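Observations on the three-dimensional arrangement
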Amino acid sequence: MKDSPQLSIYPSLKGRTVFVTGGGSGIGAAIVAAFAAQGARVAFVDIAESASATLAEQIVEQGHAAPWWRTCDVRDIGALQKAIADAAAELGDFAVLVNNVASDDRHTLESVTPDYYDNRMAINERPALFAIQSVVPGMRRLGFGSVVNLGSTGWQTKGSGYPCYAIAKSSVNGLTRGLAVELGKDRIRINTVSPGWVMTDRQVTLWLDDEGEQSLKRNQCLPDKLLPEDIARMVLFLASDDAKMCTAQEFTVDAGWT
Ligand SMILES: NC(=O)c1ccc[n+]([C@@H]2O[C@H](COP(=O)([O-])OP(=O)(O)OC[C@H]3O[C@@H](n4cnc5c(N)ncnc54)[C@H](O)[C@@H]3O)[C@@H](O)[C@H]2O)c1
């Protein structure tokens, strides 16, 4: 099947409250749009104002409820936690959190300074735990919840050119596994979704060259390119009640690369 099939509709996601970090473009935008199409009540933060505004408009044009969104730099944990609290005050306690924000900017071993290292972690690692900290009291009130952390297959396939990003992304499974027992007692599930190489506008513009095309052909088992929607589909499943007994796991969507 070459063309994207229609999104499955999960009855349990109708009206469900969902918070997404980095939801303004790329995979995050596909996740926000996919939840909106389920009739979920979606909120997101992103540093990119115009992309976020465009996404919100497109969702409304498609006939879905406008998402709650705010421009927010997730390196500022206070601002991130305030955004979550403000969104919850309007939409209700969050049942779903998608920790999606990241930046895979390239860097060499030699160029990394302590400040640069901290900056990479402040985008790629630190926000997830503090977002979880913010939503868990509400999930406990609801009596259930689903946290989805976006990992990556990049470090697992020895992807190079971004050691700080690789370090941060390899820690996602630790976050998932390290909180699963504590959260599970209250029926809050936590899982990792690890994408392969997904053809977002940013990836196509910045990194997809002839060598990349060859690499996709050589390494993927399936011939088609991964799209942001392919990742959103797995996130929807994990957020839904259909995944009610899935927690502490990594779900890889990489066309068979790893
Ligand atoms: N695209 C891929 O091939 C791929 C592969 C493996 C894993 N992933 C993971 O999937 C997730 C999404 O990836 P993507 O390719 O869509 O990323 P992206 O870089 O295209 O988008 C990330 C979003 O985060 C936002 N953002 C960046 N810095 C921010 C900050 N400081 N504060 C707030 N928002 C900020 C960006 O504006 C963007 O909307 C990430 O966790 C990434 O690690 C992506």
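Figured I'd write up the structure that's included with this text.

Cut-offs used in this document
- Residues numbered from 1 in each chain as written.
- Predicted model: local features only at pLDDT ≥ 70, side-chain atom pairs only at ≥ 80, totals over all residues.
- Heavy atoms only, no water.
- Helix = DSSP H or I, 4+ residues; strand = E, 2+ residues; numbered from the N terminus.
- Rg over C-alpha atoms; globule rule 2.2 N^0.38 Å.
- Buried < 20%, exposed > 50% of the residue type's maximum accessible area, 1.4 Å probe, protein only.
- Contact = heavy atoms within 4.5 Å.
- Lys, Arg positive; Asp, Glu negative; His and termini not counted.
- Charge placed at Lys NZ, Arg CZ, Asp CG, Glu CD.
- Expected span 1.5 Å × (residues − 1).
- Arc of directions from axis to C-beta.
- Pairing = 2+ DSSP bridges.
- Axes fitted to C-alpha atoms, helices over the stretch in contact; angles between N-to-C directions.
- Polar contact = N/O pair within 3.5 Å; in protein donor to acceptor, adjacent residues only side chain to side chain.
- Core = buried A, V, L, I, M, F, W, Y, C linked by side-chain atoms within 4.5 Å.
- Left-handed = near helix turned anticlockwise from the far one by under 90°.
- Parallel < 35°, antiparallel > 145°, perpendicular 65-115°, else oblique.
- Nonpolar A, V, L, I, M, F, W, Y, C, P; charged D, E, K, R; others polar.
- Near = heavy atom within 4 Å.
- Areas by Shrake-Rupley, 256 points an atom, 1.4 Å probe, with all protein chains shown as cover.

Bringing the overall build of the protein into the picture now. If you tally the helices and strands in the protein, you get 10 helices and seven strands. Here the C-alpha radius of gyration of the protein, 17 Å, is about what a compact globule of 258 residues would show, namely 18 Å. Here the C-alpha coordinates of the protein stretch approximately 50 × 45 × 35 Å along the principal axes. Within the protein, the fraction of its 258 residues that count as buried is 47%. Across the protein, the fraction of contacts at a sequence separation of at least 24, relative to all contacts at a separation of at least 6, is 75%. Computed over 24 positive and 30 negative side-chain charges, the separation of the two mean positions in the protein equals 7 Å.

The next subject is helix H10 (residues 228–239). Its 12 residues place the ends of H10 17 Å apart at the C-alpha level, agreeing with the 16 Å of an ideal helix rising 1.5 Å per residue. Looking only at H10, the buried set comprises Pro228, Ile231, Ala232, Val235, Leu236, Leu238 and Ala239. The buried residues of H10 all sit within an arc of 165 degrees when viewed along its axis, so they share a single face. Its buried side turned inward, H10 meets helix H1 (26–37), strand S4 (96–99), strand S5 (145–150), strand S6 (188–195) and strand S7 (250–253).

What follows deals with the sheet that holds S5. In spatial order, the strands read S3-S2-S1-S4-S5-S6-S7; together these seven strands make up an open sheet with parallel pairing. The sheet is open, and its two borders are formed by strand S3 (68–71) and S7, each paired with just one other strand. Within this sheet the neighbouring strands show an average axis-to-axis angle of 15 degrees, counted without direction. As paired strands, strand S2 (residues 41–46) and S3 are joined by four bridges and run parallel to one another. What sits directly across from Phe44, in S3, is Trp69.

Among the secondary structure elements, Gln81 is positioned in helix H3 (residues 77–91). Between the alpha carbons of Gln81 and Ile132 there is a distance of 9.6 Å; along the sequence they are 51 residues apart. Apart from the residues within four sequence positions on either side, Gln81 is in contact with Phe130, Gln133 and Ser134. Of the polar contacts made by the side chain of Gln81, one reaches the side chain of Ser134; its length is 3.1 Å.

Attention now moves to the nonpolar core. Generally speaking, soluble globular proteins have nonpolar side chains that are buried together. Judged by nonpolar contacts, the single largest core of 35 residues is most densely connected at Val20, Ile31, Phe35, Val42, Val98 and Val193. Those elements that provide at least two residues to this core are strand S1 (17–21), H1, S2, helix H2 (49–61), S4, S5, H10 and S7. Considering each element in turn, this core owes the most residues, eight residues, to H1. Residues in contact with Val20, not counting those within four places in the same chain, are Gly28, Ile31, Val32, Val42, Ala43, Phe44, Val45, Val98 and Asn100.

What follows is about the packing of H3 against helix H5 (residues 126–142). Where H3 contacts H5, the two axes come as close as 10 Å, and the packing angle between them is 35 degrees. Considering how the two elements wind past one another, H3 and H5 form a crossing that is right-handed. Residue-level contacts link Ile77, Leu80, Gln81 and Ile84 of H3 to Arg126, Pro127, Phe130, Ala131, Gln133, Ser134 and Val135 of H5.

Attention now goes to the packing of H1 against H10. Relative to each other, H1 and H10 sit at 50 degrees, their axes nearing to 8 Å. Taken together, the axes of H1 and H10 are oblique relative to one another. For H1 against H10, the interelement crossing comes out right-handed. Contacts between H1 and H10 pair Gly26, Ile27, Ala30, Ile31, Ala34 and Phe35 from the former with Pro228, Glu229, Ile231, Ala232, Val235, Leu236 and Ala239 from the latter. In terms of residue class, the contact of H1 with H10 is built from 11 nonpolar, one polar and one charged.

The subject of this paragraph is the site of the ligand. Near the ligand lie 27 residues; those nearest to it are Ser25, Asp46, Asn100, Tyr165 and Val198. Between the ligand and the protein, one listed contact pairs a nitrogen atom with a backbone N or O atom of Cys72 at 3.4 Å. One of the side-chain N or O atoms of Lys169 is found 2.8 Å from an oxygen atom in the ligand. In isolation the ligand exposes 830 Å². Once the protein is present, 91% of that is buried. Classifying every residue of the shell around the ligand by side-chain character gives 13 nonpolar, nine polar and five charged.

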